[in-house]
Amino acid sequence: MNHAAHKDYGGAKLGMWLFLFTELLLFGGLFLLYAVYLSRYPHEFTAAGRDMHVGFGTLNTVILITSSLLAAMAVTAIQRNERRKVLFLLGGTILCAAIFLFNKYLEWSAEIGNGIYPNSPRLASGPPGESVFYSLYYLTVGLHGLHVLVGGTLLAVVAVRVKRGTVHSGDFVLLENGALYWHLVDLVWIFIFPLYYLIL
Amino acid sequence: MTTAQPTPASFWNDTGKTGITSWIFSTDHKRIGLLYFYSTFGFFLVGVLLGLTLRLKLIAPGLTFIGPATYNAVFTVHGVVMIFLFIIPGMPGAFGNLIMPIQIGARDVAFPRLNLFSWWLYIIGAAIVLTSLFTGGGPPDTGWTFYVPFSARTGTNVSLAVLGVFTVGFSSILTGLNFVTTIHRLRADGMTWGRLPLFVWSIYATAWVQVLATPILGITLVLIMAERILGTGLFDPARGGDPIMYQHLFWIYSHPAVYIMILPAMGVISDVIPVFARKPVFGYKMIAFSSLAIAAAGSLVWGHHMFTSGMSDTAILVFSFLTFVVAIPSAIKVFNWVSTLYKGSISLEAPMLFALSFILLFSIGGLTGLILGAAATNIHVHDTHFVVGHFHYVMFGGTGFAFFSAMHYWLPKFYGRTYAEKPAIVAWALMFTGFNILYFSMMVLGLKGMPRRYYNYLPEFAPLNLVSTIGSWILAIGLVIMLVNLFRGLFRGEPVGSNPWGGATLEWSVPTPPPTENFEEEPVVTHGPYDYSKAGVP
């Protein structure tokens, strides 16, 4: 059964790219709802969007872009066979993920403390468009947060493999795919951030 | 083609291990294919029993042997099981896995472990669906479409069932991306795109639909769960939501999904017809192209499920027009199959009989689909038994019969033994007759105005309902004969050689049953899939 497995580098990358498309489409459903409801409730969306914590959003954007840079540098480092550097960079990426999630926790705590969460009495008594905005916000950002968690875990698994030497300069497709996934997480946020924090 | 070398061990006894773990942890595409075959076909039989229950209930108006609440649960579970657990994963999972890698001259799929993981996800999803039937508020009663607002409010166990379907959907995505990668990367030397068997082309088109459409189902199902558990209100008009948005999201996936169901079936027919007509397939390029065209155009027609939903008239016109556009590539296929038969030396064996009835039943199903796709006539037959009849003509008469054709055509290859021909033909005749009695009556009932999913009906609909139910019994008897004959044959029947039907595609060039690595040495393809003389077949 176990013949010397031939590694198909191009195949592995192709598979990963296809998977990333499915992730984009998953978020696509939520962005579609955002577009429809924005055109239906422009005023309520604007009012609600002004109440968002732009500071948290900006900070998290900077953190995620930095983490993407670190992940990309890790891919270059493994090609040069600098294992310590790879581990250091991956550690940095994962740390950024953790800080991102911690910021999210603070932000959501503040929102929930203000009585803003799906099905809350405050939203129920407000205009319908506002409730839709926040429901979409919690769902989209929540799903994205889940992806941050998954991506961070994935990179941690890769880091362990790098440490053990099963991912190395001759066979680093796992690291590269992990980094691709991390860039997707970053990319989705790049769309979420302006849609919910900036343009309204 | 065959050499005098000793036959290498077949995939049945290669590991020296037996028992269930040699199957459920195997990464061999043939074993995974058979796992998929037995699990999906098992769910098919469950779905059949539920369907027979529904027909038995509808034998007469008024209260018969099950109550209205049970009836709602039975038609919901019938739909969920048949669609999400049999017909979507069945053809790609079972025959896509068994046949496609061999047909392109590959040793396995691109990601064998991911392939096994997909099957596990499918089984886990199925287990969650089954759990939802017996826990919480009982089996879901929303219909397989899970329409809001009812699905957001009913006390039955919708959340868990939806989670199960979500998991099965994830499995479908992974199968799709695995197959796209396999077909791009692992074709043997000389297996150019123009030499791909048409079954592979159809699996390729299907795999793209699985990759591109299923995520939308995923997010839709997540939204139902959020609606129920968090009370997000995104589809609740009282809180600013819009239930029509649910229908859009649901059908953005679920209409392309019917092409996940029918495309591989068309691929089977495209492979079976030329072999039994002893002729190269007519219009190879157009059949291959039309698979891709169906996959592409089929992604843009979902709105024809929503003509009565309150969507705008412009949208109705556009979706109606696009629906007619999809009919063109489907018709191209039908015409090419019929042209392949023209002046062929047709041999009416069991796989061919199922394939020929596919053409007829699929054409009826397809043409009635146009009645539903035209905005004006749709209003008349929307949500009636006409839709039920149409859908079963396409899905059962189409995909179901193609699945049976594939079972008779390909399974002997993997078991090394074959079934008896005569009972297979008797079974086919019974199924074909019963099928038409069962579903044609439904279409007539629908035209007369009998709604779908209603527990009770007016007395004037009683005679045709009786006829329809009798048809379901004939169909069931045929199915039982087919299964007994087929599986008796596969385990205890006459041995078969490597190429019993005289096919020219690669799976017939390897020993029966195929060895683990499929090919003794890496094949070099020198001829097209329907080039019988170059393949050395008389």
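Residues numbered from 1 in each chain as written. Chains lettered and ligands numbered in written order. Predicted model: local features only at pLDDT ≥ 70, side-chain atom pairs only at ≥ 80, totals over all residues.

Student: How would you summarise the environment of Trp120(B) if you had to cite specific residues and measurements?
Tutor: Residues and elements named next belong to chain B. Here Trp120 lies in helix α4 (residues 112–134). Look at Trp120 and you get partly exposed, because 16 C-beta atoms sit within 10 Å. Along the chain, Trp120 and Gly155 lie 35 residues apart, while their C-alpha atoms are 29 Å from each other. (Helix = DSSP H or I, 4+ residues; strand = E, 2+ residues; numbered from the N terminus. Buried ≥ 20, exposed ≤ 12 C-beta atoms within 10 Å, placed from the backbone.)

Student: With reference to specific residues and values, describe helix α2 (residues 42–50) of chain A.
Tutor: Residues and elements named next belong to chain A. Within α2, the full set of buried residues consists of Glu44, Phe45 and Ala48. In an axial view of α2, the angular spread of the buried residues amounts to 100°, which keeps them on one side of the axis. For α2, exposure combined with an orientation more than 90 degrees from the buried face picks out Pro42, His43 and Arg50. Against the buried residues of α2 lie α1 (9–40) and α6 (128–164). (Arc of directions from axis to C-beta. Contact = placed C-beta atoms within 7 Å.)

Student: I'd like to hear about the domain arrangement of chain B, residue by residue, with values.
Tutor: Residues and elements named next belong to chain B. The domains assigned to chain B are domain 1 (38–106 + 126–183 + 196–232) and domain 2 (257–496). Relative to domain 2, the C-alpha centre of domain 1 lies at a distance of 19 Å. Only α2 (29–57), α3 (68–103) and α7 (198–229) provide two or more residues apiece to the side of domain 1 that touches domain 2. Taken together, the residues that form the side of domain 1 that touches domain 2 break down as 26 nonpolar, seven polar and one charged. (Domains from an automatic or database assignment. Nonpolar A, V, L, I, M, F, W, Y, C, P; charged D, E, K, R; others polar.)

Student: Report on the interface of chain B and chain A, specifying residues and quantitative values.
Tutor: Across the contact, 28 residues belong to chain B and 26 residues belong to chain A. Per-element tally for the side of chain B that touches chain A: the top contributor is α7(B), with eight residues.

Student: So, the environment of Leu64(A): which residues are in play, and what are the values?
Tutor: All names here are of chain A. Positionally, Leu64 belongs in helix α3 (residues 54–79). C-alpha of Leu64 to C-alpha of Ile99: the two residues are 35 residues apart in sequence and 9.5 Å apart in space. In this structure, Leu64 is in contact with Cys96, Phe100, Asp186 and Trp189, ignoring residues within four places of it in sequence.

Student: Got a sec to walk through unusual backbone geometry? Specific residues and values, please.
Tutor: A cis amide bond, omega 0°, links Val148(B) with the succeeding residue Pro149(B). By the element assignment, Pro149(B) lies in the loop between α4 and α5 (150–153). Of note, the amide linkage connecting Thr512(B) to Pro513(B) takes the cis form, showing an omega dihedral of -15°. Among the secondary structure elements, Pro513(B) is positioned in the segment after β2 (494–495). Look at Asn81(A): it is not a glycine, yet its phi comes out positive at around 65°. Residue placement: Asn81(A) occurs in the loop between α3 and α4 (83–113). The phi angle at Arg278(B) is positive, at roughly 55°, despite the residue not being glycine. Secondary-structure assignment places Arg278(B) in the loop between α8 (243–277) and α9 (284–297).

Student: Give me the lowdown on the packing of helix α11 (residues 350–373) of chain B against helix α14 (residues 421–448) of chain B, citing residues and values where you can.
Tutor: Each pair of packed helices can be summarised by the angle the axes make with each other and by the distance between the axes. Residue and element names in this part refer to chain B. Running from N to C, α11 and α14 point in directions that differ by 10°, and their axes come no closer than 10 Å. One way to sum up the angle between α11 and α14 is to call them roughly parallel. Together, Ala350, Leu353, Phe354, Ser357 and Thr368 of α11 and Glu421, Ala424, Ile425, Trp428, Phe432 and Met443 of α14 make up the contact between the two elements. When the residues that make up the contact of α11 with α14 are grouped by side-chain class, the tally is eight nonpolar, two polar and one charged. (Axes fitted to C-alpha atoms, helices over the stretch in contact; angles between N-to-C directions. Parallel < 35°, antiparallel > 145°, perpendicular 65-115°, else oblique.)

Student: So what about the nonpolar core? Which residues, and what values?
Tutor: Core analysis: the largest hydrophobic core is formed by 223 residues, its most contacted members being Ala74(A), Leu136(A) and Ile269(B). If one sorts the elements of this core by residue count, α8(B) sits on top with 23 residues. Both of domain 1 (38–106 + 126–183 + 196–232) and domain 2 (257–496) of chain B provide at least three residues apiece to this core. Setting aside residues up to four positions removed in sequence, Ala74(A) forms contacts with Val86(A), Leu89(A), Leu90(A), Leu175(A) and Ala179(A). (Core = buried A, V, L, I, M, F, W, Y, C linked by C-beta atoms within 7 Å.)

Student: Quick one: what's the story with the confidence of the model for chain B, residue by residue and with numbers?
Tutor: All names here are of chain B. When pLDDT is averaged across chain B, the result is 93; 98% of the residues are at 70 or more. Per-element mean pLDDT across chain B ranges from 88 in helix α1 (residues 21–24) up to 97 in α14. Contacts of residues 1–6 to residues separated by more than four positions or lying in other chains number four contacts, the stretch itself having pLDDT below 50. Our summary of model confidence lists the complex with pTM equal to 0.94 and ipTM equal to 0.92. (pLDDT = per-residue confidence, 0-100.)

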